[in-house]
Amino acid sequence: MIMNKLLKTISWDVDEPTYRADPALSYSTIAKFAREGFNKLDNIFDKLDTPSLTFGSAVDALLTGGQEEFNDNFMVADFPPVTDSVLKMTRTAFERWSGEYRTLNDIPNDNLMELSEELGYQLNWKPETRVKVVKEQGGEYYSLMYAANGRKILDTATKAQVDAAINALRTNEATEHYFAPNNQFNTRFVREYQLKFKATFSGVNYRCMADLLLVDHELKIVYPIDLKTSSHTEWDFFESFVQWRYDIQARLYWRIIRANMD
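Here the residue index of a chain counts from 1 through its sequence in written order. Residue-level local features of this predicted model are given only where pLDDT is at least 70; pairs of side-chain atoms are given and counted only at 80 or more, and the full residue set underlies all totals for whole chains, interfaces and linings. To obtain the side-chain values, all non-hydrogen atoms of the structure were used and water was disregarded.

Peer 1: So what exactly am I meant to see when it comes to the pattern of salt bridges here?
Peer 2: Between side chains of opposite charge, pairing is possible as soon as their charged atoms come close. Only one rule defines a salt bridge in this text: a Lys or Arg side-chain nitrogen within 4 Å of an Asp or Glu carboxyl oxygen. As enumerated under the stated definition, the model contains 12 salt bridges in all. The residue R20 makes a salt bridge to E16 at a minimum N-O spacing of 3.0 Å. Highlighted residues: R20 and E16, both in helix α1 (residues 16-21), separated by four residues, approximately one helical turn. Burial classes: relative accessible area under 20% of the type maximum marks a residue as buried, over 50% as exposed, and values in between as partly exposed (1.4 Å probe, protein chains only). On the accessibility criterion, R20 (44% relative accessible area) is partly exposed. Members of the salt-bridge network, linked through shared partners, are R188, D216 and E218. Secondary structure is summarised from DSSP: a helix means a run of H or I of at least four residues, a strand means a run of E of at least two, and numbering begins at the N terminus for each.

Below, the structure is given as structure tokens:
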């Protein structure tokens, strides 16, 4: 099999922090503007942090980056279930006061009352009740954040779901070919993970990072592949496709990678 060139040799060879910090437009920014328009322009570059996104990121990291990348970005711990709203309160409290208060219980109630107003946490409750619930449910998670040292924390049940998703991708007949190991004795198919590319169109800079590029060197075809985790069933996945504007991602990735190949 004749391989003219590996895609890695023409990719943008930087680490992920450098990629994320680059001001070039990405799919996520463009899609967010397409969904929310001018009304949310001031928050267009804000980063979302939800349990669903964390789960998807964990699957991405372990499947496409490997165990080392997963360990660099995630910590698995056994802790009681915490609601999304309490997690948001706890994480924000840690960002603001962890240098001053070692435990969530040490943070003055007035501080947490003001934070609950700011974040809109259970405003139908009495302020004292909000603080009591956050301290009771978020205390252990707050302490774990010190050990995590900037990594995202996964509970053991979520990690089991991540492992199950990866096992399904690697063993299901519909997807196993994409995520099979590269074979040094059969170089027709080459799989390259997390390659980054940049391109400029009409004076505007764009960037993309593909979860996987599957290259068929015999037929000269490159398949860009991006993993999507969803709470939708398979037959309702089109709703996610429409909601999150994956059509934009498909066109943008194709155009950037094609420009670099040209």
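Peer 1: Can you help me understand unusual backbone geometry in this one?
Peer 2: Glycine aside, residues mostly have negative phi angles, and peptide bonds mostly take the trans form. Of note in the backbone geometry, K220 takes a positive phi value of approximately 60 degrees without being a glycine. Position of K220 among the secondary structure elements: in the loop between β4 (204-216) and β5 (221-225). Backbone geometry at R245 places phi at a positive 55 degrees, although glycine is not the residue there. By the secondary structure assignment, R245 is in the loop between α9 (237-243) and α10 (246-261).

Peer 1: So what exactly am I meant to see when it comes to the packing of aromatic side chains here?
Peer 2: For any pair of aromatic rings, the description consists of the separation of the ring centres together with the inter-plane angle of the planes. Centres within 6.5 Å make a pair out of two Phe, Tyr or Trp rings, where for Trp the six-membered ring is used; the pair is then stacked when the planes are under 30 degrees apart, edge-to-face when over 60, and tilted otherwise. Considering all chains together, one arrives at 11 aromatic pairs under this definition. Ring centres 5.9 Å apart and planes at 55 degrees place the aromatic pair W12 and Y19 in the tilted group. Ring geometry for F94 versus Y142: centroids 5.3 Å apart, planes at 75 degrees, classification edge-to-face. Remark: Y142 occurs in helix α7 (residues 127-148) and F94 occurs in helix α5 (residues 84-97); sequence separation between them is 48 residues. Two thresholds decide whether a charge sits over a ring: the Lys NZ or Arg CZ must be within 6 Å of the ring centre and within 35 degrees of the ring normal. One Lys or Arg, K159, reaches over the ring of F70 and ends 5.5 Å from the middle of that ring. Positioned over the ring face of F201 is R255, at 4.1 Å from the centre of the ring.

Peer 1: Is there a simple way to explain the nonpolar core in this structure?
Peer 2: Among soluble globular proteins, nonpolar side chains are generally buried collectively. In this structure, A93, I107, L112 and I153 are the most contacted members of the largest nonpolar core, which totals 25 residues. Elements with a contribution of two residues or more to this core: β1 (74-77), α5, α6 (109-119) and α7. The dominant element in this core, judged by the number of residues it contributes, is α7, at eight residues. Counting 18 residues, the second largest nonpolar core, distinct from the first, contains A199, I248, Y253 and I256. What makes a nonpolar core is a set of buried Ala, Val, Leu, Ile, Met, Phe, Trp, Tyr and Cys residues whose side-chain atoms join them at distances within 4.5 Å.

Peer 1: Just checking my understanding: could you explain the pairing of strand β3 (residues 189-201) for this structure?
Peer 2: Looking along a regular strand, one sees side chains alternate from face to face of the sheet. Strand pairing is assigned whenever DSSP identifies at least 2 bridges connecting the two strands. In the sheet, β3 pairs with β4 via 12 bridges, with the strands oriented antiparallel. Following the sheet pairing, K198 is matched in β4 by R207.

Peer 1: I'm lost on the sheet that holds β5 in this one. Help?
Peer 2: Think of a sheet as strands paired side by side through backbone hydrogen bonds, with each pair either parallel or antiparallel. Within the open sheet, the three strands sit side by side as β3-β4-β5. Their pairing is antiparallel. A single partner strand is all that each edge strand has here, and the edge strands are β3 and β5. The average undirected angle you get between the axes of adjacent strands in this sheet is 45 degrees. With five bridges joining them, β4 and β5 adopt antiparallel strand pairing. Bridge pairing in β5 links D216 to I221. In what follows, residue pairs with any heavy atoms lying within 4.5 Å of each other are defined as contacts. Here, axes are lines fitted to C-alpha atoms. For helices the fit covers the stretch in contact, and angles between N-to-C directions go from 0 to 180 degrees. Seen against the sheet, α10 touches β3, β4 and β5 and runs at an angle of roughly 90 degrees to β3.

Peer 1: How do you make sense of the packing of helix α2 (residues 27-36) against α10 when you look at a structure like this?
Peer 2: Pairs of packed helices are described in terms of their axes, by the angle between the two and the distance that separates them. For the pair α2 and α10, the least separation of the axes is 9 Å and the interaxial angle reads 140 degrees. Seen along the crossing, α2 lies across α10 with a hand that is right-handed. Residues Y27, I30, A31 and A34 of α2 touch α10, and the partners they reach there are Y246, I248, Q249, L252 and Y253. Only Asp, Glu, Lys and Arg are considered charged, only Ala, Val, Leu, Ile, Met, Phe, Trp, Tyr, Cys and Pro nonpolar, and every remaining residue, Gly among them, polar. For the contact of α2 with α10, a count of residues per class yields eight nonpolar, one polar and no charged. Handedness of a helix crossing follows the sense of rotation of the near helix relative to the far helix, less than a right angle counterclockwise being left-handed and clockwise being right-handed.

Peer 1: Explain α10 to me, please; I cannot follow it from the model alone.
Peer 2: Since the α-helix packs 3.6 residues into each turn, any two residues three or four apart lie on the same face. Helix length check: α10, at 16 residues, gives a terminal C-alpha distance of 22 Å against a target of 22 Å (1.5 Å per residue), a fit within 8%. Regarding α10, the residues found buried are Y246, I248, Q249, L252, Y253, I256 and I257. With its buried residues spanning 140 degrees around the axis, α10 presents them on a single face. The outward face of α10, more than 90 degrees from its buried face, is lined by the exposed residues R251 and W254. Buried residues along α10 sit in contact with α2, β3, β4, β5 and α9. In a helix, the anticipated span is given by 1.5 Å times the number of residues less one. The directions from the helix axis to the C-beta atoms form the arc being described.

Coordinates in, geometry out; function isn't part of it.
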